[in-house]
Amino acid sequence: MAGLAVASPVILRGGRWLVRGKRAPTLEPAAQDVSIAAAAYPDAGETRRLRAGRLRFFRTIAESVGVQGPTAGVVIAPAVLASISGGGTALVELVAAVAMGFVAYAFVIFTRGFNSAGSVYGFTGAVAGPVFGFVSAWALMLVYASFAGGLYAVTADEAQPAFGTVGLHLSWQAYAIIAFVLVMALAYLDIKISATVILALEGVSMLLVVTACSIVLAKGGFHGHAFSSAPFRPGGVSLPVLGLGIVLSFSTFSGFEAAATLGEESRQPRRLIPPAIMASLAVVAVFTIGVTAVVTNAYPSTTQLSAAAVPLVTVTDTFVASWMGDLVNFGAVVSAFGASLACAVGASRILFALGRDTGPAMLRRTSGLTGAPVGALIWVGAGSLLTLLLFIAEPLATRAVALSLAYGADLIIAAYILVVIAAIIFTIRRRMAPVKTVILLIGLAVLGYVAKNTFAPLPAAPFNWDVLAAGITLAAGIVLPFAYPPVRRGIANSPLLKAGASALLSSSAASDQ
């Protein structure tokens, strides 16, 4: 297994990795399915490597579904979309899900050939050059870390009314700090345990919502309109207004790619991770669109829906029972908590992979007890807590949620654009079928549309500060490799990127694409 990293005939020229000769040595098929990335670091001891082969399909997909946090989203999403795009709430989500599918295709193309804890770092860096890979990973890692901080506030926002029903009344800040502590404790455990927790929390909460919506459908919704197609029709709303709803819905499905961070811990990653990415997007899309349609039809009017605080809970109270509404509310709490845990897990894996090449040594450290990247997790925990603390003085959790999540939502658009550009380069360099390049160009156009509607004109204050912060973050990621020699040397000589170039760009890899 060590031969790939040491003897791989891969060189760096002009900022990109090249494979010399007609053939490059590859691993045995069975070894490739364990982890090419782990083999790139043959001298790493037990406390400097992740534990391979720990996760099967459902625990792998849990990471992607967990980051998306579908239950936490559908509790309020219909009201937000109704206030923007009128009654066509499910329509804009359907269009957004299809559009995101073009972006997901870029991740599928890459993960079929190479996977690592670094996610985008491993494959975009191998194809488009070390700096490109570093910036991609830098952006996505900070997206996950900031999302974790924002999701502590989401958990708190939904915990207040949920726990209030059983007589427990705490400030949202107290709930958020409790969530942070629990996330750090669970993220430190064996990945099988943390993945199981994510899967269980989201699975149970989604089951509660599906049960509630099934009863609403059985009872006919408002005046028997439960099966109306109105949520899938524009209802006279102009295309630009629908476009705003599509842009907002686009962020609903962000995080589908998180399973790629488990490339060194999943069994047979090349076989499990691509379907996990696509399945997570499909499952969350069907769930979100279906629930939104049911809730929209259950309200007498779009005006009343847009004014509702928690429309899914209100619908459940009305058509099922108040106790079921309380359970759905608790489901939203555990969904938000599971999402914050998944974000912390994903961010720590990317930072571990970057630290393995660039230092400091703390980032390369894993726990001998659980196998978790404990050094990276400490830094991710600090970053997520900082995100929370920046807005903890806000009197209402809802405002803290909006401000903290907006930064990550802005930054992830840039991360996706970088991945799609790298995938386009990859299809051209590998001389793949033109249709693959066309699909990716459509994805890039979609992202361009989303970026235009997000940043032009700039959002009003204070959200313009989130845009500015995202821009500064991206610029810092570009400058760092040139300004800090250890980073520049580390990524230029990265065993991971050499292994990725061999796996993706060698002549023997062509048959796998």
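Residues numbered from 1 in each chain as written. Predicted model: local features only at pLDDT ≥ 70, side-chain atom pairs only at ≥ 80, totals over all residues. Heavy atoms only, no water.

Peer 1: Hey, could you go over the overall build of the protein for me, with residue numbers and the actual values?
Peer 2: Helix and strand content of the protein: 21 helices and two strands. In terms of C-alpha radius of gyration, the protein reaches 22 Å, essentially the compact-globule figure of 24 Å for 513 residues. The dimensions of the protein, computed from C-alpha atoms along their principal axes, are 70 × 50 × 45 Å. For the protein, with 513 residues in total, the buried portion stands at 57%. Of all intrachain contacts in the protein linking residues separated by at least 6 positions in sequence, the fraction that spans at least 24 positions is 81%. A total of about 19,200 Å² of accessible surface is found on the protein, and carbon and sulfur atoms cover 69% of it. Separation of charge centres in the protein, based on 31 positive and 20 negative side chains, amounts to 14 Å. (Helix = DSSP H or I, 4+ residues; strand = E, 2+ residues; numbered from the N terminus. Rg over C-alpha atoms; globule rule 2.2 N^0.38 Å. Buried < 20%, exposed > 50% of the residue type's maximum accessible area, 1.4 Å probe, protein only. Contact = heavy atoms within 4.5 Å. Areas by Shrake-Rupley, 256 points an atom, 1.4 Å probe, with all protein chains shown as cover. Lys, Arg positive; Asp, Glu negative; His and termini not counted. Charge placed at Lys NZ, Arg CZ, Asp CG, Glu CD.)

Peer 1: Outline the packing of aromatic side chains, supporting the account with residue identities and numerical values.
Peer 2: Counted under the stated rule, the structure contains 11 aromatic pairs. Between the aromatic rings of phenylalanine 57 and phenylalanine 58, the centroid separation amounts to 5.5 Å while the plane-to-plane angle is 75°, which identifies the pairing as edge-to-face. You can call phenylalanine 58 exposed: its relative accessible area is 58%. Look at phenylalanine 163 and tyrosine 175: their rings are 5.7 Å apart centre to centre, the planes differ by 20°, and that puts the pair in the stacked class. Of the two residues, phenylalanine 163 is situated in helix 8 (residues 130–164) and tyrosine 175 in helix 9 (residues 172–187); the sequence distance between them amounts to 12 residues. Residue classification places phenylalanine 163 among the partly exposed residues on the basis of a relative accessible area of 27%. Through successive ring pairs, a cluster of aromatic residues spans Phe107, Phe110, Phe123, Phe256, Tyr416 and Phe426. (Phe/Tyr/Trp six-rings, centres within 6.5 Å; stacked < 30°, edge-to-face > 60°.)

Peer 1: Tell me about the packing of helix 3 (residues 57–68) against helix 12 (residues 269–298), and please be specific about residues and values.
Peer 2: Contact geometry for helix 3 and helix 12: axes closest at 9 Å, N-to-C directions at 45°. Classified by the angle between their axes, helix 3 and helix 12 sit oblique to one another. Of the two elements, helix 3 crosses helix 12, and the hand of that crossing is right-handed. Judged by residue contacts, Phe57, Thr60, Ile61, Ser64, Val65 and Gln68 of helix 3 engage Leu272, Ile273, Pro275, Ala276, Ala279, Ser280, Leu281 and Val284 from helix 12. In terms of residue class, the contact of helix 3 with helix 12 is built from 10 nonpolar, four polar and no charged. (Axes fitted to C-alpha atoms, helices over the stretch in contact; angles between N-to-C directions. Parallel < 35°, antiparallel > 145°, perpendicular 65-115°, else oblique. Left-handed = near helix turned anticlockwise from the far one by under 90°. Nonpolar A, V, L, I, M, F, W, Y, C, P; charged D, E, K, R; others polar.)

Peer 1: Account for unusual backbone geometry, naming residues and giving values.
Peer 2: Geometrically, the link from alanine 456 to proline 457 is a cis peptide bond, its omega value of -5° lying close to zero. Tracing the backbone through its elements, the reader meets proline 457 in the loop between helix 18 (434–455) and helix 19 (463–483). Following alanine 461, the chain continues into proline 462 via a peptide bond in cis, with omega recorded as 5°. Of note, proline 462 is situated in the loop between helix 18 and helix 19. Here the phi dihedral of glutamine 268 falls at roughly 45°; this positive angle occurs in a residue that is not glycine.

Peer 1: Describe in detail the confidence of the model for the protein, supporting the description with residues and values.
Peer 2: For any part of a model where pLDDT is low, the fine detail of the predicted coordinates should not be relied upon. Taken as a whole, the protein shows an average pLDDT of 89; of its residues, 91% reach a score of 70 or greater. Considering only residues more than four positions removed or in separate chains, one finds that residues 1–9, a stretch of pLDDT under 50, has 26 contacts. When the criterion is pLDDT under 50, residues 21–34 qualifies, and its contacts beyond four places in sequence or with other chains add up to 35 contacts. (pLDDT = per-residue confidence, 0-100.)

Peer 1: Run through a nonpolar patch on the surface, naming residues and quoting values.
Peer 2: Among the surface-exposed residues, Ile76, Val80, Ile84, Leu244, Leu248 and Val310 lie close enough to one another that they form a single nonpolar patch of about 400 Å² accessible area. Among the elements of the structure, helix 5 (77–85) and helix 11 (239–252) are those that each provide at least two residues to the nonpolar patch. Looking at where isoleucine 84 falls in the secondary structure, it is placed in helix 5. Judged by its relative accessible area of 31%, isoleucine 84 falls in the partly exposed class. (Patch = residues over 30% accessible without salt bridge, like charges linked within 9 Å, V, L, I, M, F, W, Y side chains within 5 Å. Salt bridge = Lys/Arg side-chain N within 4 Å of Asp/Glu carboxyl O.)

Peer 1: Go over helix 17 (residues 397–429) with me, naming the residues and quoting the values.
Peer 2: With 33 residues, helix 17 extends 48 Å from end C-alpha to end C-alpha; this agrees with the ideal 48 Å at 1.5 Å per step. A bend of about 25° at leucine 405 is the largest found in helix 17. Looking one or two places after helix 17, you find arginine 431, whose phi comes out positive at around 55°. (Expected span 1.5 Å × (residues − 1). Bend = angle between axes of the 7 residues up to and from the residue.)

Peer 1: Explain the pattern of salt bridges residue by residue, including any values.
Peer 2: On inspection of all chains with the given rule, the structure shows five salt bridges. The shortest N-O distance in the salt bridge between arginine 54 and aspartate 190 comes to 2.5 Å. Here arginine 54, found in the loop between helix 2 (29–39) and helix 3, pairs with aspartate 190, found in the loop between helix 9 and helix 10 (191–218); they are 136 residues apart in sequence, far enough to count as distant. Of the residues examined, arginine 54 reaches a relative accessible area of 27% and is grouped as partly exposed.

Peer 1: Can you break down the environment of glutamate 158 residue by residue, with the values?
Peer 2: Along the chain, the position of glutamate 158 falls in helix 8. The class for glutamate 158 is buried, based on a relative accessible area of 8%. Sequence separation of glutamate 158 and asparagine 453 is 295 residues, and the distance between their C-alpha atoms is 29 Å. Sequence-distant contacts of glutamate 158, defined by excluding residues within four places in its chain, comprise Ala72, Val75, Asn329, Ala332, Val333 and Ala336.

Peer 1: Report on the packing of helix 7 (residues 120–128) against helix 8, specifying residues and quantitative values.
Peer 2: Put simply, helix 7 and helix 8 touch, their axes get as near as 6 Å, and they point 155° apart. Classified by the interaxial angle, the pair formed by helix 7 and helix 8 is roughly antiparallel. As helix 7 runs across helix 8, the sense of the crossing is right-handed. Two secondary-structure elements touch here, helix 7 through Val120, Tyr121, Thr124, Gly125 and Ala128 and helix 8 through Pro130, Phe132, Gly133, Phe134, Ser136, Ala137 and Leu140. Taken together, the residues of the contact of helix 7 with helix 8 break down into eight nonpolar, four polar and no charged.

Peer 1: Give a description of helix 15 (residues 322–358) that names residues and reports values.
Peer 2: For helix 15, built from 37 residues, the straight-helix expectation of 54 Å at 1.5 Å per residue is met to within 8% by its first-to-last C-alpha distance of 54 Å. By the criterion of burial, helix 15 is predominantly enclosed, with 31 of the 37 residues buried. With its phi angle positive at about 75°, glycine 359 sits one or two positions after the end of helix 15.

Peer 1: Describe the environment of glutamate 202, naming the residues involved and giving the relevant values.
Peer 2: Relative to the elements of secondary structure, glutamate 202 occurs in helix 10. By relative accessible area, glutamate 202 is classed as buried at 4%. Residues glutamate 202 and serine 214, 12 residues apart in the sequence, show an inter-C-alpha distance of 18 Å. Look past the residues within four positions of glutamate 202 in its chain and what remains in contact with it is Val65, Gly69, Pro70, Thr71 and Ser335.

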